[in-house]
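# Coordinate inspection notes
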Amino acid sequence: MEFEAYLRLKKIDQETFSKIDPVRYAEWKELFVTMHPDSFTAQKKFLINEIRRRYHLKEDVSKP
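Because the structure is predicted, anything quoted here is derived from the model rather than measured. (Residues numbered from 1 in each chain as written. Predicted model: local features only at pLDDT ≥ 70, side-chain atom pairs only at ≥ 80, totals over all residues. Heavy atoms only, no water.)

## Examining the packing of aromatic side chains
All chains considered together, the criterion is met by 10 aromatic pairs. With 6.3 Å between their ring centres and 85° between their planes, F3 and F40 make a pair best called edge-to-face. Of this pair, F3 sits in helix α1 (residues 3-9) while F40 is found in helix α4 (residues 37-54), placing the two residues 37 residues apart along the sequence. Residue classification places F3 among the buried positions, given a relative accessible area of 3%. Residue classification places F40 among the buried residues on the basis of a relative accessible area of 0%. Ring pairs connect the aromatic residues F3, Y6, F17, Y25, W28, F32, F40 and Y55, which therefore count as one cluster. (Phe/Tyr/Trp six-rings, centres within 6.5 Å; stacked < 30°, edge-to-face > 60°. Helix = DSSP H or I, 4+ residues; strand = E, 2+ residues; numbered from the N terminus. Buried < 20%, exposed > 50% of the residue type's maximum accessible area, 1.4 Å probe, protein only.)

## Considerations on the side chain of K44
Relative to the helices and strands, K44 resides in helix α4. Among buried charged residues, K44 stands out as having no salt bridge; its nearest opposite-charge side chain is E27, 4.2 Å away. Other than its neighbours up to four places away in sequence, K44 contacts E27, W28 and L31. (Lys, Arg positive; Asp, Glu negative; His and termini not counted. Salt bridge = Lys/Arg side-chain N within 4 Å of Asp/Glu carboxyl O. Contact = heavy atoms within 4.5 Å.)

## As for the nonpolar core
Residues F3, Y6, L7, I12, F17, Y25, W28, F32, F40, I48, I51 and Y55 constitute the largest nonpolar core, which totals 12 residues. Aside from chain neighbours lying at most four places away, what touches F3 is Y25, W28, K29, F32 and F40. (Core = buried A, V, L, I, M, F, W, Y, C linked by side-chain atoms within 4.5 Å.)

Rendered as structure tokens:
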């Protein structure tokens with residue numbers, strides 16, 4: 001799974017996240033490629049919720 005697809009799944013706007021918080025975005029992206037998505041979610045669970053609230057994806061991801 002690509003990091004960008006993971007962010008869409010978590011309803012996080014990748015473009016806004018990468019522009020406003022580039023350091024954290026780069027850190028997460030680098031870490032994501034080294035582990036399974038479930039492990040990444042478990043490790044960043046509470047931080048993901050914070051990022052989702054800040055950079056919420058406006059589009060509906062449930063539709064293909």
